[in-house]
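# Structural characterization, general
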Amino acid sequence: MIEIKNVAKTYKSADGDFTAIRNINLTVEDGDIFGIIGLSGAGKSTLVRCINLLEVPTEGDVLIDGQSMLSLSHKELLAARKKIGMIFQGFNLLSQRTALGNVCFPMELAGVPRKDAVKRARELLQIVDLGSKENSYPSQLSGGQKQRVAIARALATDPKVLLCDEATSALDPKTTRDILALIRDINKRTGITVVVITHDMKVIEEICTKVAILDGGVVAESGSVEEVFSSPKTEAGRRLVYPDGIPFEMLPNSRVIRVVFNGGTAYQPLIASLAIDCGVKVNILGADTRSIDGKAFGTMLLGLPESESEATRALAYIAAQKDITVEEVRDYRG
């Protein structure tokens, strides 16, 4: 079990202090595939690196199987890290070593006899379906193959925990699915606990059992993937789950309008202007707009407020805008 308790990380610089994460409290159960998702700058990578103390928390504690990582001596920490594998977006393979040599490397550092290390490395390359590539160098491998070598290397010391920091971000969609399927299979076969850092909702949907959404360095919400994705409770959650706008079925009693942009300036922020000038907020249910030579064309579906007076004000304001037409959409179902 991984317990993250009141963890914060502040970086000091000549321009002042910057707190990347603060007051993080999460529990990852044994055998979970736990996703941590957020937009760029949310603090995801900082958090995952605090788990194995590649980044030392400024405040709080990280416990693995009840043992405080911050209480360990340097020697004890090195031993503990052998049970925490990590894979990265950039693969981080040694270019002068073959696939076999890369997988052997952590075992060499651990003092495993060469014969035993080679045997184990070959077993792992078979597991990641790269048995025929043991003598290939990283430059001779595709991105997906490099990540498979990185996974095999991360498993070389028989870790209990596998940390994946944007491990599929540099891969194409098909290779991403293959790598995720491999991680899921390894989790099922070995019971290894996996922590997945990503900005991609599809990664979470594909393999994770639980998820935490980070926003501005704090946990916005967390729970089972089904629970969080079916009914996000925070604005940060809704932005991630519904990047194209909140589904109409989540907006009971709302009226829906279609706004058509007919070549007006693309730099006129209609929704922001509506909020500022009228004090009315609307929900973007969908949009297909484009800018051509600085002019806006396309359509946008908006959910009006439940308040009749606010809806009327919003409709009148939008209809009065130049180069825009608007119509009410009856029986909209998303």
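Attention here is on the structure that accompanies the text. A quick note: this is a predicted structure, and the numbers were derived from the prediction, not measured.

### What about the packing of aromatic side chains?
- Counted according to the given criterion, the structure contains zero aromatic pairs.
- One residue, Lys9, lies across the ring of Tyr11, its end atom 5.3 Å from the ring centre.

### Focus on the environment of Leu54
- Topologically, Leu54 is positioned in the loop between α1 (44-51) and β4 (59-64).
- Setting aside anything within four residues of it in sequence, one finds Leu54 in contact with Arg49, Arg81 and Met86.

### Some details on the packing of helix α3 (residues 99-109) against helix α4 (residues 114-127)
- Here α3 crosses α4 at 125°, and the two axes come no closer than 9 Å. Relative to α4, α3 is oriented oblique. In this structure, α3 crosses over α4, and the sense of that crossing is right-handed. Residues Ala99, Leu100, Val103, Cys104, Met107 and Glu108 of α3 form the contact with α4, whose participating residues are Arg114, Ala117, Val118, Arg120, Ala121, Arg122, Leu124 and Leu125.
- Looking at the contact of α3 with α4 residue by residue, the classes come out as ten nonpolar, no polar and four charged.

### Thoughts on the packing of helix α5 (residues 143-154) against helix α6 (residues 173-190)
- Relative to each other, α5 and α6 sit at 20°, their axes nearing to 10 Å. Classified by the angle between their axes, α5 and α6 sit roughly parallel to one another. Remark: the crossing between α5 and α6 carries right-handed chirality. Contacts between α5 and α6 involve Gly144, Gln147, Arg148 and Ile151 on the former and, on the latter, Thr175, Asp178, Ile179, Leu182, Ile183 and Ile186.

### A few points about the nonpolar core
- Core analysis: the biggest nonpolar cluster contains 50 residues, and Ile87, Val103, Leu125, Ile151, Ile183, Val194 and Phe229 have the highest contact counts within it.
- For Ile151, the residues in contact, after removing those within four places along its chain, are Ile87, Val128, Ile179, Leu182, Ile183 and Ile186.
- Listed in part, the 29 residues of the second largest apolar core include Val7, Ile36, Leu163 and Ala212.

Calculation rules
Residues numbered from 1 in each chain as written. Predicted model: local features only at pLDDT ≥ 70, side-chain atom pairs only at ≥ 80, totals over all residues. Heavy atoms only, no water. Phe/Tyr/Trp six-rings, centres within 6.5 Å; stacked < 30°, edge-to-face > 60°. Lys NZ or Arg CZ within 6 Å of the ring centre and 35° of its normal. Helix = DSSP H or I, 4+ residues; strand = E, 2+ residues; numbered from the N terminus. Contact = heavy atoms within 4.5 Å. Axes fitted to C-alpha atoms, helices over the stretch in contact; angles between N-to-C directions. Parallel < 35°, antiparallel > 145°, perpendicular 65-115°, else oblique. Left-handed = near helix turned anticlockwise from the far one by under 90°. Nonpolar A, V, L, I, M, F, W, Y, C, P; charged D, E, K, R; others polar. Core = buried A, V, L, I, M, F, W, Y, C linked by side-chain atoms within 4.5 Å. Buried < 20%, exposed > 50% of the residue type's maximum accessible area, 1.4 Å probe, protein only.

Keep in mind that these numbers describe shape and distance, not what the molecule does.
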